[in-house]
Every structure is written in structure tokens, then in C-alpha cells.
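# Structure at a glance
Given next are the chains, with one letter for each unit.
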Amino acid sequence: MKKILLLFGLLTLSGLFVLQAQPAKSTHPGQLLQNLKRLNVLGSVLYVAAHPDDENTLFLTWLANEKQVRTTYLALTRGDGGQNLIGTEQGIEIGLIRTQELLAARRIDGPEQAFSRAYDFGFSKSTDEAVRIWGQDKVLGDVVWAIRKFQPDVIVTRFPPDARAGHGHHSASGFLAEEAFRISADATKYPEQLAFVKPWKARRILWNVFIPGAFGSNKRPEEAGNMLGMETQLYNTLLGKSYGEIAAESRSQHKSQGFGVAAQRGERIDYLLLKDGEPVQQDLFDGVDLSWGRVPGSGRVQALIRDAINHFNAANPSATVPVLVEIHRELQKLDGNNGYVAAKKKETEALIRDCLGLWLEANPTDYAAAPGEGIRVNISAVNRSGVPVTWTRLRLPEVGRDTSLNLSLKANAQQVLPFFVQVARTQKISQPYWLEKPIDKGLFQVADQRLIGLPENPPAETAEFTVEIAGQPFTFTQPWMYKSVDPVDGEIYRPFEIRPEVTANVVEKVYVFSDNAPKTVEVILKANRASVSGTLALEVPKGWRVEPASLPFSIAEKYGEQRVSVKVFPNGFGEGTLRALLKTSAGTLTTGIRTIQYRHIPAQTYFPPAEAKLVKLDVKVAAKRVGYIMGAGDEVPTALRQMGCSVTMLDAGELAKDLSGYDAIVVGVRAYNTEDWLRFYQSKLLEYVKNGGTMVVQYVTPGGGGFIQNGLKVNQLGPYPFSVGRDRVTEEEAKMTFLNPQHPLLNVPNKLTDKDFAGWVQERGIYFAVDWDKAYEPIFSVNDTGEAAKQGSLIYARYGKGHFMYTGLVFFRELPAGVPGAYRLFANMISVGK
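Remember, predicted model here, so these are calculated numbers, not experimental data.

### Some points on the overall build of the protein chain
When helices and strands are tallied, the protein chain shows 16 helices and 44 strands. In terms of overall dimensions, the protein chain is globule-like: its C-alpha atoms have a radius of gyration of 29 Å, near the 28 Å expected for 834 residues. When the backbone C-alpha atoms are referred to their principal axes, the protein chain occupies close to 85 × 75 × 55 Å. Burial status across the protein chain gives 59% buried among its 834 residues. For the protein chain, the proportion of contacts with a sequence separation of at least 24, taken over those separated by at least 6, is 74%.

### Here's the deal with the sheet that holds strand β11 (residues 358–364)
What the three strands build is an open sheet, ordered β11-β13-β16; its pairing is antiparallel. The two strands at the open ends of the sheet, each matched to only one other strand, are β11 and β16 (415–422). Taken over all neighbouring pairs, the strand axes of this sheet differ in orientation by 15° on average, direction set aside. Pairing between strand β13 (residues 374–383) and β16: eight bridges, direction antiparallel. Counted as the bridge partner of N378 is P418 from β16.

### Let's talk about the packing of aromatic side chains
Here the structure, examined in full by the defined rule, presents 30 aromatic pairs. Arranged with centres 5.1 Å apart and planes meeting at 15°, the rings of Y367 and Y559 form a pair that is stacked. Taken together, the residues Y367 in the loop between β11 and β12 (368–369) and Y559 in the loop between β27 (550–555) and β28 (561–569) connect sequence positions 192 residues apart. Taking the centre distance of 5.8 Å and the plane angle of 80° together, the rings of Y720 and Y776 count as edge-to-face. On the criterion of sequence distance, the pair formed by Y720 in the loop between β37 (694–698) and β38 (723–724) and Y776 in the loop between β40 (769–770) and β41 (777–778) is long-range, its members being 56 residues apart. Of the residues examined, Y720 reaches a relative accessible area of 23% and is grouped as partly exposed.

### Some points on the environment of R204
As for its position among the elements, R204 is in strand β6 (residues 204–209). Of the residues examined, R204 reaches a relative accessible area of 0% and is grouped as buried. A sequence separation of 50 residues divides R204 from V154, and the C-alpha atoms of the two residues are 5.4 Å apart.

### Some words on the nonpolar core
Residues L640, Y672, F780, Y806 and I830 are the most contacted members of the largest nonpolar core, which totals 81 residues. If you tally residues by element for this core, the top one is helix α16 (residues 820–831), at seven residues. Once you skip the residues sitting within four places of it in the chain, F780 turns out to touch M736, T737, F738, L739, L746, F757, K790, Q791, S793, L794, L809 and L825. Ranked by size, the runner-up nonpolar core spans 56 residues in total, among them I352, L360, A369 and V423.

### Here we look at unusual backbone geometry
Most peptide bonds take the trans form, and the phi angle of most residues other than glycine is negative. Residue P548 follows E547 across a cis peptide bond; omega there is -10°. Locating P548 in the fold gives a position in the loop between β26 (545–547) and β27. Omega for the bond connecting V748 with P749 falls within 30 degrees of zero, at -5°, which places this linkage in the cis form. Phi at Q68 is positive, roughly 60°, even though this residue is not glycine. Secondary-structure assignment places Q68 in the loop between α2 (57–67) and β3 (70–75). Despite not being glycine, Q762 has its phi angle at roughly 70°, a positive value.

### A look at the pairing of β28
Of the pairings in the sheet, the one linking strand β24 (residues 519–527) to β28 comprises eight bridges and is antiparallel in character. Bridge pairing in β28 places V523 opposite V564.

### Topic: the confidence of the model for the protein chain
Summing up the model confidence of the protein chain, the mean pLDDT is 93 and the portion of residues at 70 or higher is 94%. For the stretch residues 1–20, pLDDT sits under 50, and the model shows 84 contacts to residues farther than four places along the chain or on other chains. Predicted confidence for residues 212–223 stays below pLDDT 50, and this span has 24 contacts to residues more than four positions away or in other chains.

Rules and cut-offs
Residues numbered from 1 in each chain as written. Predicted model: local features only at pLDDT ≥ 70, side-chain atom pairs only at ≥ 80, totals over all residues. Heavy atoms only, no water. Helix = DSSP H or I, 4+ residues; strand = E, 2+ residues; numbered from the N terminus. Rg over C-alpha atoms; globule rule 2.2 N^0.38 Å. Buried < 20%, exposed > 50% of the residue type's maximum accessible area, 1.4 Å probe, protein only. Contact = heavy atoms within 4.5 Å. Pairing = 2+ DSSP bridges. Axes fitted to C-alpha atoms, helices over the stretch in contact; angles between N-to-C directions. Phe/Tyr/Trp six-rings, centres within 6.5 Å; stacked < 30°, edge-to-face > 60°. Core = buried A, V, L, I, M, F, W, Y, C linked by side-chain atoms within 4.5 Å. pLDDT = per-residue confidence, 0-100.

Spelled out as C-alpha cells, the structure:
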């Protein structure tokens, strides 16, 4: 009999190849019956927006659980350009975090998750700018690819393709989805995709409208006109929750954005507006057959599914397994190239496993290994039902192990098979596939078409369990997952990683030289297997010098570290790169290692280049002792130390002490949004200024509605009133006009020129000051192309003997990026009055 392969958690045949590398989980009877009913529904929706958190979580929950159609959220970006409420990660690192937060949300609300190759380069004010930076043709191709892979009956966009979307990425997602809808059935468009997929035409595309006064309303507004209203906040008795409750739990997974929300339990209408395709009157699936009637010869399958639903026993789900096996046999008789048949076979296989309570795991005794390294793996299986199950084969394909078995899996009797295997020497390291090559402007470079759309890598190593159930073999595939027990959090799973045998992390990202004196640069070498030795060589720009230029290293223990220090001597003014090369018997390695760990997501490891930026600039700093109040997290304190400042981190305990010894106090980004205790020390901080101190407040987000969840912890940020608005300048090359060229902030101790505003990254500034008291003086005027000038990027006031500043300029991006002019301006700000 033909063997059936199920890669558990992977959906590959009829839609996007969507992976969620998570351990198996038990499924409660209500969910099992819900999934049984879903077997009888054939239909699909592709929901398109721009970022993690853009999705209408309630609407997705309703689609996946009430309509029971296969639903995928296509986010064009991974949210790399956003701010971070929980740590210092930015750029690709916050993208890694938000990818996992989206996957966590989907595990709760039910849809699948996919991405394009677009990089979130920060706020954009127009569709034209967004698609120009991304590369319209390539990102449009990614949306076409998603349509052809997923084959949706209906496409829904979150945003319109115009300025009402409020963000260029948002409007671009609507524009690209509508254009892809029109061309995805045209075989002359993106013909290279047709090696893997077929052209596909969805029935219609609709906009999931948000109307002021209607979003979340329980009434159909008059201005909705010909829009379609769908009641989405229903109660699901099988799940024991309303879709509003599920959606709130899902949306609260976006923790890096501070998007925890309260559950909604009242009526809610969502609105849809037809943008193109077949007319719609009553339902977004008008004219779409959601039954097995769309699959020829499926009558027997329909009858068996009805029988399974009608006779499902919540107290004994395994009693449904025989009919599920029969359903699977009948599905095999149908057209194997039919995407709906392929998808329902996978759903049936998952139901068989879940109704049996069949628990399968492959647990390595370590969370990582290097190519060629030996490792022990414990393979276990538990059949938690009385249905006879025989374990007939175990295969570890990536390491070449294939074992025939004849083990009867008796009820609740765990079978554990220990294996010692060797990781293939040719095995690739576990670098996220979209980070294998440098970003090309606004686009991740991905050579393999089949990877595009995946939220994360396929598992590094897998185990294939072949079992026989009711005379039929099934193969379930599990990723290797390292399992440990935390005394607080209990059982924790971590995806297994393949790592280079040794990595090098340069301690700082940027080294700033203000004179010709050398700086000590530390490099941390980390062994990812036992007994690693070789030579560390350090490359620097022409004219620069490093002593010593190379060093031998030898690390005996796995995960052992060796710190080495070198002296780097600058040459002239300019920028360059220090690069570490690790030469071992396995070749030359040039990667560092970075693991991001938070409780709400699995550990994420990636391998950045083993390098640091070198900047020789003319910068003077009069402030020597600086206090820093950390907010949502940034790397500005490290930059201050690079300029020669002594930095003390100020928490509530430190603020209770005498502050007069600080030349300047700097408040980190969003501190007034995140730190409740600051309100108790605000008067003391302003008294510090009045007595001669210098205080710099970096951007805060204004309180209020919309997407902003955190209000301010104080009524007034400065000694005189001002407000914070939503003004921003996204063009990093926008002209910075000096309003008073003689102002000390522009001249002392560093005389600034236009050159100091060259090379800025991502944007100029965000959340500018507005409506300030006449005691404040604006320093710059700046605007994006075609917009009015804005003067709130940096405001300054004398207060008593001291100096106060609020700035929306994005120093939290520019200083870690080593932008010379940002260092010179910030040096002037903290030095004013000195």
C-alpha cells in the first residue's frame, strides 16, 4: 500500500509552504470537532497587508473558525523598520522577533502566515516611494506567487491603494494585491514561477474597510453605501470563546509593539468593499462552492465526513479514527493534483494523529551542533488511546539513519529510542534564508523561488515516524526540538540549530575615533563544538593598522569562549570596516552569532558578519559624566561611551540620589511612555536643569487612540509646555535648514555643516514637537518632498541656569549605525553650557 507522508506543521501541496517549527501539542475535543467540520469546507482566502500587526485579527479569526476556510495572512514585510518596546533590537533583529510574534498569533487564531521579500525600511508616505525602494516588479511577483501557490477563492486587502491607508507600505500592499489579482492568471507574467505553480484567478478582491465611526461599531453606517457587512464577533461553543476573545489573545502576541488588548465580547460588524472581480451581494463567497461538490467523485468522502461528525464522541475521540482512515483511503482515489484534495488529506492525517493523542518527539540532548559533530537524539512515541498502532519505521533523513521497527504502541506506554548520529559535514548553518545575502536596498535577496513566502526556515533536522493504523501506513515528520525544564516556566522547547564550529563577535558595532590615539577592540570567539583551534586574522581599511594582525586560538569546551584584544590605530578621517576571519581546519569562517531570547517566542539565532564599523571623525565633547534613563531600549549609551563619556544608567534608585554631578542627563526613547516611576522624579529632573544641568529628552509617542497604546506618564515633559505630534520626516536625505546658524547647538564644541547630515539611515525623525511655548527655540526646519516645513525635530530652552531639549531626531538609529554627523550633533547637545 502506498505510504502517506505528513510533514507535521508543513503545508506544501495546495498552498504556501508555511512552517511553524513548534513541538506537537494536544488538541481538546471541542477543537477536534471543529477541525472535523472544517473537513467539509473547501474554500480559501488570502488576506494581504504590509506589516506584523496590520492584520484585522478578528476578521482572520472569523474566517478561519466560523467560515472554516483555509486562510493565509500575507504580510509584505517582517516589521524590520518599527520601534521596539521590549529591548534594543532594531532592523533585521526586530524583524526576527515580529516574525515569531506573528506565528504565535496564527497558532491562536487559526490562519497560516506568509511573507514577501520586502524589507520594512521605515515609515513611507507614498505608494510610489514604497514600491520604488522595494522594487515593484519583484514584490509584485511575490504577491502573484502567493496567489498561485495558495489558490484563494477570494483576496481581501486591509488597506486601500491610496493615502487613506496612512502609510506608504499600507497603500502599496493594497495596490500590489489589486494588480496581482489582475495578472496572476496570465501565464506570460512571471513565467519562471510556472515550474512550480499554475496560473490562478481568484473570484474577487475586496477591501476590509475601516470607516471612522464604523470600525468596531454594532451598526451599519449610512456612509457604508454598497459595502458588505459581516457580523464577526460571534461565540463559538466548541472553542468556548468568542472570536473577539480569541482575536484579543492573538493580537496580544505583538509584545514588541506593546499591543496587548482587551477582549471584546459584544456585536461587531466588519465591512467589505468589492474592488474587482465578480459581483457580491450577500457574502464574500457569493457564487463560490465551498462544498465537496467542487471535487468530482467525492460523494463517498462527503458521506464519511458527515458520519464522523455525527458520531464524534468527545469522551473518546479515538473512536473516530477508523472512519478517518477510511476518509483518507477515499481521498487517495481522487485526483492527487487537485489542491483541495491534497489539503484535506493533510487535515485528515493531522486529525488521525490528534484523535489518537499520538505524541511524537525527536529531542536532541543539545540545542545546537556543528557540521560533522556527533550528537545523541532521543526519539519517543506515545499512543494515548486504545486504538492499535504499530511503529514500523524511523528515518532521520538529514543524517542518513533508516531503521525498521515492529513496536506495538500500547495505550499510554512511552517508547523511547536513543540514537547517536553525526550531523552531515555538508549541512548548512541555520541562517534564516532571507538573511543569507545582504539586503539589496529594500529587498531581501532569495535565490530559491520555493522559499519565498516561508515565515522561517525548514527544520535543520527531522525525524520521520512511520506507523500503521487500521492496516494503513502513515508517516509523520517531526523537527528536532531541544527540550529543557525551567524552574519557573516549566517545559521549554527550542528549535535545533546548525552552527559554524566557531564564531567571532566584535564587542561593539561601532568604534569612534576622535583623535589619533588607538582603541582597544575586543573580539569574543565562541566554540560551537569541542576542541576548536585555528587563527584569528583581523582586516582593517587601507592605512589603518591593527596590532597584532592575527592571533592563534584554541577552545577546548563546546560553547566555551575566548576573549582577545587588539589595538586599532586610525588613519585620517573617514569610515571603514574591521573584519574578523577565523581560519580552522574546516576552512575560513567569517560569521558572528546572535541569539535573541524572550519568553514569548522561541530562541532565534542568526549569524551576522563578524565585523564592526570604524569611524574616524572630528568630534569634541565637553560633557564627561552623563546619566542615562533607559526607556523602550536603545544603544545610545554605548555611543556616548564611544565618545569618551562616562555613562551611569539612572533608575529610580539612582534618581533618588544627588544629580548635580552629571554634566548631562539623557532620557531614552519612549521612557515617558514605559516607566511609571518617572512621574515621581520629574520635578527633581527639572530642578536639576534649573540649577544648571543639561537634559535631553528623546522621542516619545503621544497618548491617545489609533495604534498608540501607551500614553505619557507625566503631564508635561519639559519646564514649559509643548506637545508631541505625529509629524515625521522619512527622507533621510531631506535638507536640514539651520534656523539660527549662530546657535550654540550648531557651533559648540563642533561647528556643524550640511555635511553632518549626509549618510543618515532610514529617516530624519519621528514624533516631532508641536505647539511649543515661546520659551522654546526650534533649531531646524526640515520636510519631506512636497510637504510643508516642520520645525519640531529639535527644540531648546534655557531654564534657570540650565538647558532643556526635546528631539524627535532618530539618534537611536543613527548612533549605532556610526553616522558621523549624528555623533557631532549629539555631542553639542550634551555639551551645551559647558
